[in-house]
Amino acid sequence: MNAEKRRFLSREAKMQRQALHKISLWKNITAAVSTLGIAMLYAGAEGPDKNLFLCILGFSVMAVSLICGLILNLGLRNGRRNIEKIIAVLEGGNDE
């Protein structure tokens, strides 16, 4: 493997690590929003006056943020695998 390709792959791995860090932050944000959805759902169902709108809104917020978190988690997993493959190529020196 020539030096230019090695530099390119190492720069690519670094940029993907930075992207994974940002995705991880967004995944944490979705977890927080999901928690707020659970709180709204609980407040609507168990509050002094039962509020159906708050229950529906809380469930919707919770479900959407949960789905977003699962998608982001899938992206994190695939991104980590991709970085591992790049590092394996850099360490092994074989061209793929």
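Here we look at helix H2 (residues 52–92)
It helps to recall that an α-helix has 3.6 residues per turn; residues three or four apart then point in one direction. If you check H2, its first and last C-alpha atoms are 60 Å apart, about what 41 residues at 1.5 Å a residue would give, namely 60 Å. Along H2, the residues classified as buried are Cys 55, Gly 58, Met 62, Ser 65, Gly 69, Leu 76, Gly 79, Ile 83, Ile 86, Val 89 and Leu 90. Elements that come into contact with the buried residues of H2 comprise helix H1 (3–46). The residue sitting at the N-terminus of H2 and contributing the capping side-chain oxygen is Asn 51; that oxygen lies 3.2 Å from the backbone nitrogen of Phe 53.

Description of the packing of H1 against H2
Where H1 contacts H2, the axes come no closer than 7 Å and their chain directions differ by 160 degrees. On the basis of the axis angle, H1 is roughly antiparallel to H2. Pair H1 / H2 crosses with left-handed handedness. Residues belonging to the contact of H1 with H2 are distributed by class as follows: 25 nonpolar, 14 polar and five charged.

Looking at the side chain of Ser 65
Inspection of the secondary structure puts Ser 65 in helix H2. When sequence neighbours within four positions are dropped, the list of residues in contact with Ser 65 reads Thr 30, Val 33 and Ser 34.

Considering the nonpolar core
The biggest cluster of nonpolar side chains holds five residues, and these are Leu 9, Ala 13, Ile 86, Val 89 and Leu 90. Sorting the residues of this core by element identifies H1 and H2 as the ones contributing at least two each. Per element, the largest residue contribution to this core is three residues, and it comes from H2.

Some thoughts on the environment of Arg 81
Tracing the backbone through its elements, the reader meets Arg 81 in helix H2. Note on Arg 81: relative accessible area 44%, which makes it partly exposed. Distance from Arg 81 to Asp 49, taken between C-alpha atoms, is 50 Å for residues 32 residues apart in sequence.

Considerations on the environment of Leu 76
The topology assignment puts Leu 76 in helix H2. Separated by 59 residues in sequence, Leu 76 and Arg 17 place their C-alpha atoms 9.9 Å apart. Beyond its immediate sequence surroundings of up to four residues, Leu 76 is in contact with Leu 20, Ile 23, Ser 24 and Lys 27.

Basis of the calculations
Residues numbered from 1 in each chain as written. Predicted model: local features only at pLDDT ≥ 70, side-chain atom pairs only at ≥ 80, totals over all residues. Heavy atoms only, no water. Helix = DSSP H or I, 4+ residues; strand = E, 2+ residues; numbered from the N terminus. Expected span 1.5 Å × (residues − 1). Buried < 20%, exposed > 50% of the residue type's maximum accessible area, 1.4 Å probe, protein only. Contact = heavy atoms within 4.5 Å. Polar contact = N/O pair within 3.5 Å; in protein donor to acceptor, adjacent residues only side chain to side chain. Axes fitted to C-alpha atoms, helices over the stretch in contact; angles between N-to-C directions. Parallel < 35°, antiparallel > 145°, perpendicular 65-115°, else oblique. Left-handed = near helix turned anticlockwise from the far one by under 90°. Nonpolar A, V, L, I, M, F, W, Y, C, P; charged D, E, K, R; others polar. Core = buried A, V, L, I, M, F, W, Y, C linked by side-chain atoms within 4.5 Å.

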